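Remarks on the overall topology
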Amino acid sequence: MGEGKLSFRRLSSIRHRKKRTAAKDEAESSLISSSPPPTPITPATVVAKAKKKAGGARLWMRFDRTGAMEVVECDKSTIIKRASVPPRDLRILGPVFSHSSNILAREKAIVVNLEVIKLIVTAEEVLLLDPLRPEVLPFVERLKLQFPQITNASGNVVQSSSLLDQEAGEGLQSELPFEFQVLEIALEVVCSLLDTSVDALETEAWPVLDELTKNVSTENLEYVRSLKSNLTRLLARVQKVRDEIEHLLDDNEDMADLYLTRKWIQQNQQSEAELGETASNLLSRATSNRSSSMVTSTTKGDDVEDLEMLLEAYFMQLEGMRNRIFTVREYIDDTEDYVNIQLDNQRNEMIQLQLTLTIASFAITANTLLVSLFGMNIPCPLYKMDDVFGYFLSSVTAVCVVLFLLTLGYAWWKKLLGS
């Protein structure tokens, strides 16, 4: 009986709980139904947010050393956090500095702005700005050829960090580090673009200048003016890239700061040494630190030398382009001098003709003076002589001709009319 009463009490308490819970749910549902619905987002708001996002985000391509590639839209803050670069470096990659050339070394990245190639290189990946531009596509294709996609035995893509660990375990290698290979590809593409522009300039310049020497016309002069404008712009582009490479070659510390892979390996070695450090091996650690510092300095000097050889190769190539542009400019200057000489010669001939006509007008004026004197009503015995007009006219004409010849001879004697 006790158990039956107890079970009946439990059932009744459970029923009361269910009733209270149902009443509570009904009250909450009534409150929810009575509350106003959220305001919908209008299309104008969506468009405004999209424009705001589009204004800050730009198209970037991420390409790592394993060959993995993806194209994404990222804003400045994402790139700054991923590449660990200051915001001012992204302004260098912006449209304001589109015609400048910079190679900046940072703690964990290299900021490269060379003509149309604008990228950020780290020890593991490349962040390329505007990869879909036609001028940038050759650089992307060269990256794909240089760094094919690496997979393991199971067919999975190898991570860049594991590849870096493998390179660190293998030690020094004969090939250049990842960041230098990317820098070499960028310099190669930029130099190829500039060399193509120089070839087009030379192809256009020679016929126009030769035609100008034969025919000095307004059309040919306009062609030469546009040619000089193109030459000045191209020379400025080549000069900027050349000066940036020369600046790096003049400073070994700047070249040493470009070794991102080496700094990454050294940081890993230092962190592993700090974790495995104990009090018992302090002496051995000090000895290893001295030896590692000697090896590091040696490899650093070798790496700087390798980078110096790489930069000098492209520096000489740019120097050759600049000399070719100077040759075209000197030919333009020579052509202008030749044209000016021709114009001066024609001007001298016109001056000589003007001087001859002036001498002739002087002689005729003297003849007119005599005729005008005798045309006055003054008493003169010649008026009473018969047939004097013919003799008088011939004598006056002879005097005019003699005066002209004397003046012209004096001008020749003074070399006023040429040799």
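Residues numbered from 1 in each chain as written. Predicted model: local features only at pLDDT ≥ 70, side-chain atom pairs only at ≥ 80, totals over all residues. Heavy atoms only, no water.

An unreviewed UniProt entry annotates the protein as Magnesium transporter originating from Brassica cretica. Its UniProt record, at the heading Subcellular location (unreviewed entry), says of the protein: "Membrane". Reading the Function (unreviewed entry) entry of the UniProt record for the protein gives the comment "Magnesium transporter that may mediate the influx of magnesium." (UniProt positions renumbered as here; feature names shortened; annotations may be inferred.)

1. Some thoughts on the pairing of strand β4 (residues 110-114)
If a strand is regular, its side chains alternate between the two faces of the sheet. Counting buried residues along β4, 5 of its 5 residues qualify, which places the element largely inside the surrounding structure. On β4, burial covers both faces: I110, V112 and L114 on one face and V111 and N113 on the other are all buried. With 4 bridges joining them, strand β3 (residues 102-105) and β4 adopt antiparallel strand pairing. Bridge pairing links A105 to I110 in β4. The turn joining β3 and β4, which pair antiparallel and follow one another in sequence, is formed by 4 residues. (Buried < 20%, exposed > 50% of the residue type's maximum accessible area, 1.4 Å probe, protein only. Helix = DSSP H or I, 4+ residues; strand = E, 2+ residues; numbered from the N terminus. Pairing = 2+ DSSP bridges.)

2. Some remarks on the side chain of T335
Checked against the element boundaries, T335 lands in helix α11 (residues 282-374). A relative accessible area of 4% means that T335 is categorised as buried. At 2.7 Å, the side chain of T335 forms a polar contact with the backbone oxygen of Y331. Not counting chain neighbours up to four residues away, the residues in contact with T335 comprise L209, L212 and T213. (Polar contact = N/O pair within 3.5 Å; in protein donor to acceptor, adjacent residues only side chain to side chain. Contact = heavy atoms within 4.5 Å.)

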